[in-house]
Amino acid sequence: MGLLSLGKPLSWDETKQHAEHVRQHGINQFINLFKNLKDRNDKTLKWGDEIEYMIVKFDHKNKKARLSLKAKQLLDVMDSREQLEGSNRAVLWRPEWGEWMIEGTPGKPYGIDESNYSGGGSLAHFNVVEANMKSRRQEINALLDEDEALLCITSYPRLGTDDFSHPFTKPDPKNSATRSQFLSDDVISSYHPRFKTIAENIRERRGRKVIINVPIFKDSKTVDPFNETFDDEESDSASKTDHLYLDGMGFGMGCACLQVTFQASNINEARVLYDQLTPMCPIAMALSAASPIHRGYLVDRDCRWGIISASVDDRTKEELGEEPLNHNMFRITKSRYDSIDSYLCEANDKYNDILLTYQKCYYQQMIDAGVDPMLAKHIAHLFIRDPIVVYKEKLDQNDEIETDHFENIQSTNWQTMRFKPPPPQSGIGWRVEFRPMEIQMTEFENAAYVVFIVLLTRVILSFKLNLLIPISKVDENMIEAQKRDAVKRSKFWFRKDIISLRSPPEAAKCVEATGCCSDNCCEKSDSETTPFDESCVLMSINEIINGKGQQFPGLVPLLKHYLSSIELDVDTQCTIQQYLNLIANRASGKLKTTAQWIRDYVSQHPDYKHDSIVNDTINYDLLMTCNRIQKGELNPRELVGDNPRTKTNL
Ligand code: ADP
Ligand code: MG
Ligand code: MG
């Protein structure tokens, strides 16, 4: 039964009565999955990206841009195309939370049949990504009106201001699903009732509307102290001085993300990738920073993460620690949209140094069924949450072959990394999803970030790199990464010696070639020999990505050396070099991050009064400029370098 054939999900009052049922069967389903698929092997590296787009409508006469609420209209067309063309489609379109948003992925995952799986093989698919992304945009553009554009932007600058959408409905804080002062329910995807139910049930579970306070960017003429009053007691008491106050799910789930999923060759390799990419989450997020404006104001954060995390935070006052535990079972330290809490490989357990709240009874049940403790804890941790969307028709399931209850909880834990078991009876293997990155404006940039991460997985596996740091340090980095201009101004915990004792000799050679002293990096450099608390140091993103003299080889130099050691056609080689140059130059500060570029654009706009306010005219000009960049009519050197031209090809 597909999503569309299902009716309205249950209300919160009904849902909570079935929460235990959903969880218990979800655990049974996971156990069955694990038993049947734990030995599954896949020889093919498959991977794919997801890009979320926004549809913007320009009113050229009045110099005003609005979000165009027409996702359903577009999706209906795409659905009928998909029905006709099926698996032959180059691109797939899926709904997103906002009625102005749409998600595009490749029609099938990129696949590389490697005989020597982790040793390299053909990476020619790296040259297809950007072209596929371009074809996505073309397909939607052909359906848009002349005054509309499909834009890759992480946060819509004037979301929640007066008349920000087309059509526009006044918010209804008394009766709407979110109770937001700024966003009406009409901005929620009408593709399926589940989107509105998520918002409604999260608010009801929580017992009040969501609270999001983002530090305001203090410019020379910004009102100081910055306080807003709303004609509403709940908002007035929730909003903080010197912060921009937001109160609806749309402010978070309405941001766009860039995600990458990879298939591993087996469950153990998936765990390795899950763990090794975790320390990369804050680093990649800072490098991709792209969301400095919300509700018409410049904020003092460059990334969306904290906003989206708060926007779907369904914890009650008891779970938050604001009231004694009475009706709820746990204090919970993080939102269900947050950074991960534990590594999955047994060898990495020593880096699990933060409190992991988990359902002991499910843990025991999984242990008794033969699941190992690390994985059992991870799943039992995800299962401290209630389901938020439940369908009556889906309650009774055959746990041997169905997995909806497991997926229900799994897919509403929106963490930085996701460990994805194979769906039963499918050709799909054990996968890992990398979820922290923000959307870049152009296909060139988005492809560069995606390829950088996929390439990094190849190097991690081939060179047996070890990037692990204590998970508490990853959390510190997550906070740091969101700060304004973190790439230039912040330092991040990173592992000192990433070449391990198990690394093959080529890895050490690579490090030597990068000019890094082998004493430091290659010989006495395994987690077994380095004391835990000395395993990481503070580095800038430039040092992490480009290297630090003799002390640290740098990720881009490592990737470049790996590339020179494998067979690759000239065109792909040329394309990847340009992608890595973009990453290297963003890291060094030679090129601006998207967030920095947007800030500078606003700051230099004649209408900007240095009071942090991004008005309609600035918004219009900014988005028109973004549109020109995305159409290829304008090439801002300070953002992407000198006219990058890859040889991308479908
Ligand atoms: P999500 O639950 O994150 O929305 P999707 O099913 O939409 O996941 O897929 C996310 C990405 O995973 C897409 O880019 C898709 O092409 C890719 N993908 C699909 N099948 C596989 C596979 N077997 N291995 C790796 N990636 C895959
Ligand atoms: Mg998806
Ligand atoms: Mg995804």
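## Regarding the site of ligand 1
For step 1, the next point in the chain: With respect to spatial proximity, 15 residues lie near ligand 1, and among them Gly48, Asp49, Glu50, Gln263 and Glu433 are the closest.
For step 2, the next point in the chain: Between ligand 1 and Glu50, the relevant distance is 3.0 Å, taken from an oxygen atom to a side-chain nitrogen or oxygen of the residue.
For step 3, the next point in the chain: The fraction of the free accessible surface of ligand 1 (560 Å²) that becomes covered by protein chains is 75%.
For step 4, the next point in the chain: Of all the elements in the fold, those that place two or more residues in the shell around ligand 1 are β1 (44-59), β4 (101-106), β10 (257-263) and β14 (431-438).
For step 5, the next point in the chain: Ranked by residues supplied to the shell around ligand 1, first place goes to β1 with five residues.
For step 6, the next point in the chain: Residue classes in the shell around ligand 1 are distributed as five nonpolar, four polar and six charged.

## Observations concerning the coordination of the magnesium ion (ligand 2)
For step 1, the next point in the chain: Distances from the magnesium ion (ligand 2) to its protein donors, Glu50 (OE) and Glu103 (OE), fall within 2.2 to 2.5 Å.
For step 2, the next point in the chain: Here the magnesium ion (ligand 2) and the magnesium ion (ligand 3) are spaced 4.0 Å apart, with Glu50 acting as a shared donor. In this pair, Glu50 is assigned in strand β1 and Glu103 in strand β4, connecting sequence segments 53 residues apart. For the pair shown, Glu50 and Glu103 are each scored as buried.

## A look at the pairing of strand β13 (residues 417-420)
For step 1, the next point in the chain: Alternating residues of β13 divide into Met417 and Phe419 and Arg418 and Lys420, and every residue in both groups is buried.
For step 2, the next point in the chain: Where β13 and β14 come together, four bridges link them in antiparallel fashion. Residue pairing for β14: Lys420 is matched across the bridge by Arg431.

## Looking at the coordination of the magnesium ion (ligand 3)
For step 1, the next point in the chain: Protein-derived coordination of the magnesium ion (ligand 3) comes from Glu50 (OE), Glu50 (OE), Gln259 (OE1) and Glu433 (OE), at a distance range of 2.1 to 2.6 Å.
For step 2, the next point in the chain: Mapped onto the sequence, the residues coordinating the magnesium ion (ligand 3) show the spacing E-x208-Q-x173-E.

Rules behind the numbers
Residues numbered from 1 in each chain as written. Chains lettered and ligands numbered in written order. Predicted model: local features only at pLDDT ≥ 70, side-chain atom pairs only at ≥ 80, totals over all residues. Heavy atoms only, no water. Near = heavy atom within 4 Å. Polar contact = N/O pair within 3.5 Å; in protein donor to acceptor, adjacent residues only side chain to side chain. Areas by Shrake-Rupley, 256 points an atom, 1.4 Å probe, with all protein chains shown as cover. Helix = DSSP H or I, 4+ residues; strand = E, 2+ residues; numbered from the N terminus. Nonpolar A, V, L, I, M, F, W, Y, C, P; charged D, E, K, R; others polar. Donors = N, O, S within 2.8 Å, 3.2 Å for Na, K, Ca; no water. Buried < 20%, exposed > 50% of the residue type's maximum accessible area, 1.4 Å probe, protein only. Pairing = 2+ DSSP bridges.

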